[in-house]
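Structural overview for review
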Amino acid sequence: MAKVGIVMGSDSDLPVMAKAADVLEELGISYEMAIISAHREPDVFYEYAKSAEQKGFKVIIAGAGMAAHLPGMCAAIFPMPVIGIPMHTTSLGGRDSLYSIVQMPSGIPVATVAINGGQNAGLLAAKILATSDGQLLQKLKAYTEQMKKQVQAKDAKLQETGYKLYGK
């Protein structure tokens, strides 16, 4: 049974949403991914959000651009956490998406990550799930330690080669 639902309004969002899925896979968290337009197929969207709890979802990650109604409408229907990923847009650089997701009315919270922040959405979903899963918490701590080691290795290379030769 999938613990996380990943939903996006368009296949153009897939490269960003895939980053969330990659993190979940790395941490061993089951998920289900779908493309559903809240505007173009509201009946399909409503059924998705209404049935998410019954499917076993504990968190929904919803990515959307422009008016970005998908995350907010998920939060209006699904009773557990929703994480919104605002998508970069050509007209307003994603600010339109960001404002649409972060400016939710009182009583309908949506956690929001950076524009195109797929990786952080996956990590935030994992952290939410880890509050009641000790094994997952240990995996998250190991993930964080690995990131630390990567930065330390980059610094060691910089110290050894100097900045002029670092990227060559």
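Summary of the structure given here. Small disclaimer: the values here were computed from a predicted structure and weren't measured. (Residues numbered from 1 in each chain as written. Predicted model: local features only at pLDDT ≥ 70, side-chain atom pairs only at ≥ 80, totals over all residues. Heavy atoms only, no water.)

A word on the sheet that holds strand β4 (residues 82-86)
Taken in spatial order, the five strands make up an open sheet running β2-β1-β3-β4-β5, and their pairing is parallel. Since the sheet does not close on itself, it has two edges, and those belong to β2 (31-35) and β5 (111-112), each with one partner. Here strand β3 (residues 59-64) runs beside β4; their pairing, made up of five bridges, is parallel. The residue of β4 that forms the bridge with Ala64 is Pro86. (Pairing = 2+ DSSP bridges. Helix = DSSP H or I, 4+ residues; strand = E, 2+ residues; numbered from the N terminus.)

Overview of the pattern of salt bridges
Under the definition given, this model contains two salt bridges. A salt bridge links Lys3 to Asp133; its shortest N-O distance comes to 3.9 Å. Here Asp133 lies in the loop between α5 (118-130) and α6 (134-161) and Lys3 lies in the segment before β1 (4-8), a separation of 130 residues in the sequence. Between Glu32 and Lys55 there is a salt bridge whose closest N-O contact spans 3.2 Å. With Glu32 in strand β2 and Lys55 in helix α2 (residues 42-55), the pair connects residues that are 23 residues apart, well separated along the chain. By relative accessible area, which is 31% here, Glu32 ends up partly exposed. (Salt bridge = Lys/Arg side-chain N within 4 Å of Asp/Glu carboxyl O. Buried < 20%, exposed > 50% of the residue type's maximum accessible area, 1.4 Å probe, protein only.)

Notes on helix α4 (residues 95-102)
Residues spaced three or four apart along an α-helix point in a common direction, a consequence of the helix completing one turn every 3.6 residues. Among all positions in α4, only Asp96, Ser97 and Ile101 are buried. The buried residues of α4 all sit within an arc of 120° when viewed along its axis, so they share a single face. Here the buried face of α4 lies against β3, α3 (69-77), β4 and β5. (Arc of directions from axis to C-beta. Contact = heavy atoms within 4.5 Å.)

Section: unusual backbone geometry
Unusually for a residue other than glycine, Met66 sits at a positive phi of about 55°. Checked against the element boundaries, Met66 lands in the loop between β3 and α3. According to the relative accessible area criterion, Met66 is exposed, its value standing at 56%. In this structure, Ala68 is a non-glycine residue whose phi angle is positive, near 50°. You can see Ala68 is positioned in the loop between β3 and α3.

So, the nonpolar core
Val4, Ile6, Leu27, Ile29, Ile61 and Ile85 are the most contacted members of the largest nonpolar core, which totals 26 residues. Elements that contribute at least two residues to this core include exactly β1, α1 (14-26), β3, β4, α5 and α6. (Core = buried A, V, L, I, M, F, W, Y, C linked by side-chain atoms within 4.5 Å.)

Considerations on α3
What α3 keeps buried is the set Leu70, Pro71, Gly72, Cys74 and Ala75. At its buried positions, α3 is contacted by β1, α2, β3, β4 and α4.

Brief notes about the layout of surface pockets
A volume near 350 Å³ is recorded for the largest pocket. In this structure, the largest pocket is lined by 18 residues; those nearest its centre are Gly9, Ser10, Arg40, Gly65 and Met66. Looking at side-chain class alone, the lining of the largest pocket contains seven nonpolar, nine polar and two charged residues. (1 Å grid on protein atoms, 1.4 Å probe; cavity = no way out; pocket = protein on both sides within 12 Å on 5 of 7 lines; lining within 4 Å. Points joined across faces, edges and corners; volume = space filled by probe spheres on them. Nonpolar A, V, L, I, M, F, W, Y, C, P; charged D, E, K, R; others polar.)

Quick word on the packing of α2 against α3
Where α2 contacts α3, the two axes come as close as 9 Å, and the packing angle between them is 50°. Judged on the interaxial angle alone, α3 and α2 are oblique. Crossing hand, α2 versus α3: right-handed. Together, Phe45, Tyr46, Ala49 and Lys50 of α2 and Leu70, Met73, Cys74 and Ile77 of α3 make up the contact between the two elements. In terms of residue class, the contact of α2 with α3 is made up of seven nonpolar, no polar and one charged. (Axes fitted to C-alpha atoms, helices over the stretch in contact; angles between N-to-C directions. Parallel < 35°, antiparallel > 145°, perpendicular 65-115°, else oblique. Left-handed = near helix turned anticlockwise from the far one by under 90°.)

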